[in-house]
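Reading the structure
Below are the chains, spelled out letter by letter.
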There are 2 protein chains.
Amino acid sequence: MSSKITIIKNGHFLVPGSDKPVLSGYMTLENDLITYIGEAEPAVEDGAQVVDGSRLLFMPGLVNTHGHTAMSLLRGYGDDMVLQTWLQEKMWPMEEKFTGDDVYWGTSLSVLEMLKGGTTTFLDMYDHMDRVAEVTEQSGIRAVLMRGVIGLCPEEVQQSKLAEAIAFARNWHGKADGRITTMLSPHAPYTCPPEFFMKFVQAAHDLDLPMHTHMSETRHEVEQNVADYGLRPVAHLEKLGMFTRPSLIAHGVHLNDEEIGILARHNVGVSHNPGSNLKLASGVARVPELLRAGVKVSLGTDSAASNNNLDMFEEMRLAALIHKGVSGDPTAVPAPEALLMATEYGAQSIFLSGVGRLAAGMKADFIALDIDQPHMLPHTDLLSHAVYSASAKDVEHVWVNGQQVVKHGQCLTLDEEAIRRKAQETFESLLKR
Amino acid sequence: MSSKITIIKNGHFLVPGSDKPVLSGYMTLENDLITYIGEAEPAVEDGAQVVDGSRLLFMPGLVNTHGHTAMSLLRGYGDDMVLQTWLQEKMWPMEEKFTGDDVYWGTSLSVLEMLKGGTTTFLDMYDHMDRVAEVTEQSGIRAVLMRGVIGLCPEEVQQSKLAEAIAFARNWHGKADGRITTMLSPHAPYTCPPEFFMKFVQAAHDLDLPMHTHMSETRHEVEQNVADYGLRPVAHLEKLGMFTRPSLIAHGVHLNDEEIGILARHNVGVSHNPGSNLKLASGVARVPELLRAGVKVSLGTDSAASNNNLDMFEEMRLAALIHKGVSGDPTAVPAPEALLMATEYGAQSIFLSGVGRLAAGMKADFIALDIDQPHMLPHTDLLSHAVYSASAKDVEHVWVNGQQVVKHGQCLTLDEEAIRRKAQETFESLLKR
């Protein structure tokens, strides 16, 4: 089969962390890879597809490192409530009713929103994961998928859930042209008893997979961990062996200096979810301290039920803004750092080495923003505009793994009309069941 | 002249604070006024314009109660810097060069962004205000305008600036079919010596106009006020007589309980600018306490140089999110309250009694959002979606004073192509001057 070659001409490209963070020039793709990026026009064969990059800003696709995509079905179904009331009266009764089909349509709604908004890779921790993998295959998005397991149940149920998580991870790892990878994910230290948690660690060793869990999202949860096990969550998970595996924890809002040191020493990543942490009043994570300690901090939306959208530009901007305001330091989390958190650090956090940066040899996962709009002018600093002024709806085109999946704001791979209709029908049906 | 009558059929309408915050039904307009809103279909004469409201969410136009619109020319020109460096090395040297034409194009860029993003009224405190008024007239937007005066200059210069502020306020109050009103605005207590500040108070009495100023944006400024005058800023302004006039202060980040009490007692409004306060690391205003004390809190973007866009949906969401996260109370600033801050409270804060709510007898200043998009589905609670999920770019149509000024996302009153080109040219020319 002959190669598919594309050249983007006269574009602006974001390369945060490099000598030239805003590069004006050319980028070429061959099949699923970026083969060149630079100021000089490269020679390309006849027949290459030419993309006019003028009036567009190209940047790596956004990487969403924590979420529960099917829960978009519950977007706006319960806001401004105390966490336990929200969970017990709103979320859990509805989630209990979720079938595989519900998860399929909820995930489709989320993936459609994410792709149109410039997210090219997402992490999903949920149930009915075969159906999530199905949507991933169809849509062309890249995903790191895992069955999230709550272990507050009899031992035989624990065993069957663990077996399901293992089977899913084994079956889907590397599928969809390599766009799907898998991890193992006990839900949280407070929902998985230590012995059960350790079985996940063992399975992760056996399958050579990384691990993901919720940790230290609320102050109460930290206190409970100390009461139950005599240890704060980081030391507890270290003791259970989790950090002998490549690991990512979600939230990490309530961490002391010692805990930050342990995470740094074990190279444990933290998925920072500022929108969800603010909305649920969990608090403000110590992101400047984490970054200073060398911890890899990435960004996640969490579910749309606690966010209430999946706009990673918003998370990036929140990460750049709130830590300045709370610390009193206007240089905290500068724009290039926020952009790295949303892209390259995100990819590294979920163990995708070939994703997250515009460079020759990297996977062609990238997006183009329309910069010829009032809120993107004048063109003083396009990196600043991407972080401080842009939103999901400025995304004009999206490529994943070399395939264009969004063109002029329209998703090419999913049936948007059907998804919108089914998402509404599914919510209405859940209310009646 | 015969009346222009419009009926919107089958729409959803946001009426926060009422018995039915999301009303499904009909709204009619006659010339510049809303004449009916309700569930029952009203009888209208033949020849009325009919708007199909299905798939749209109607809400009051957003009211931006603090900004410096021409500064959008400096969007992204200096981020992540310490305040004094940012002002002295970036903002002031460029602003010094601003001509009337620069202000005209900078304001045009901002008004275009605001109208397309659903802001129907803005407050502007700046220089070359005749040119701002000119853009306001042309664009169809509603505005409260004032010459912001810095008094750190010889007395004769002070006098001429005061005279200019008074002349502007007198000439333009009530112009543009009543869409322009004016206020008097000494820039801040730390930039206007007490005697000079008091001349503004006297002029405001003479002209029967309200007053606006920056106050207590930074901790340093409060300390300096105490060092210079022996009083914190609120007591200082009370002593200068400002609060004998209807007043609005911008920022109010650093307020103690006593100061909140004084503001409440004098009915002084506070324009909360969460995006700018976070970005400049000024801190987090005590909004829940202000609201509890009965202070009218509205929302402002401040300039795009410290924001970096003029998306009032973002300010509304920040206001709803950060105070939850910082206070630890998930019920702080619930969605309906955030929406009121961005609309009705905003209008009241700038002394426009007929604006900010969808109700018979109110001015027809309203917007329509496209709610048939992935991030606005399912339709669980449309008020929640407007606050927690929407952005400026979801705005489909905008009406101000009964005139449609944005249709399907396109501005009908301004030449967008010319403004975009001139904004870029103006910035480039400023760099060279």
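Residues numbered from 1 in each chain as written. Chains lettered and ligands numbered in written order. Predicted model: local features only at pLDDT ≥ 70, side-chain atom pairs only at ≥ 80, totals over all residues. Heavy atoms only, no water.

1. Comments concerning the pattern of salt bridges
Tallied over the full model, the rule gives 54 salt bridges over all chains. Residues joined in a network through salt bridges with shared partners are Arg-55 and Asp-372 of chain A together with Lys-116, Glu-416, Glu-417 and Arg-420 of chain B. (Salt bridge = Lys/Arg side-chain N within 4 Å of Asp/Glu carboxyl O.)

2. Comments concerning the interface of chain B and chain A
Each partner contributes to the interface: chain B provides 62 residues, whereas chain A provides 62 residues. Among the residues of chain B in contact with chain A, Asp-80, Pro-374 and Lys-393 of chain B are the three that bury the most area, contributing 14% of the side total. Between the two partners, chain B and chain A, sit eight salt bridges. Notably, a salt bridge pairs Lys-324 of chain A with Asp-80 of chain B, separated by 3.2 Å at the nearest N-O pair. Applying the counting criterion to the chain B and chain A interface returns 37 residue pairs in polar contact (both at pLDDT 80 or more). Broken down by secondary-structure element, the contributors of at least two residues to the side of chain B that touches chain A are α2 (100-116), α9 (274-279), α11 (312-327), α12 (335-342), α14 (382-388) and α15 (416-432) of chain B. Broken down by element, the side of chain B that touches chain A gets its largest block of residues, eight residues, from α11 of chain B. (Contact = heavy atoms within 4.5 Å. Buried area = accessible area lost by both parts, 1.4 Å probe. Polar contact = N/O pair within 3.5 Å; in protein donor to acceptor, adjacent residues only side chain to side chain. Helix = DSSP H or I, 4+ residues; strand = E, 2+ residues; numbered from the N terminus.)

3. Quick notes on the UniProt feature "domain: Amidohydrolase-related" (unreviewed entry) in chain A
Those places that UniProt annotates as "domain: Amidohydrolase-related" (unreviewed entry) correspond, in this numbering, to residues 59-405 of chain A. Annotated as 43% helix and 16% strand, the span residues 59-405 of chain A places its first and last C-alpha atoms 15 Å apart. (UniProt positions renumbered as here; feature names shortened; annotations may be inferred.)

4. Some points on the state of the cysteines
One way to say it: the disulfide is the covalent bond shared by the sulfur atoms of two cysteines. All names here are of chain A. Taken as a whole and judged by the stated rule, the model has zero disulfides over all chains. Cysteine Cys-192 is unpaired, with the sulfur of Cys-153 as its nearest cysteine sulfur at 8.3 Å. Looking at Cys-192, the relative accessible area reads 1%, which means it is buried. (Disulfide = S-S within 2.5 Å. Buried < 20%, exposed > 50% of the residue type's maximum accessible area, 1.4 Å probe, protein only.)

5. Brief notes about the relation of the copies chain B and chain A
Turning chain B through 180 degrees and shifting it by 0.0 Å along the axis lays it on chain A, with an RMSD of 0.0 Å. Expressed as an axis order, the relation between the two copies is that of a two-fold axis. Within chain B, Lys-393 of chain B has its C-alpha nearest the rotation axis, a separation of 3.3 Å. A high fraction, 100%, of the interface residues of chain B reappear at the interface in chain A, so the copies pair face to face through one surface. (Least-squares fit on C-alpha atoms with pLDDT ≥ 70 in both.)

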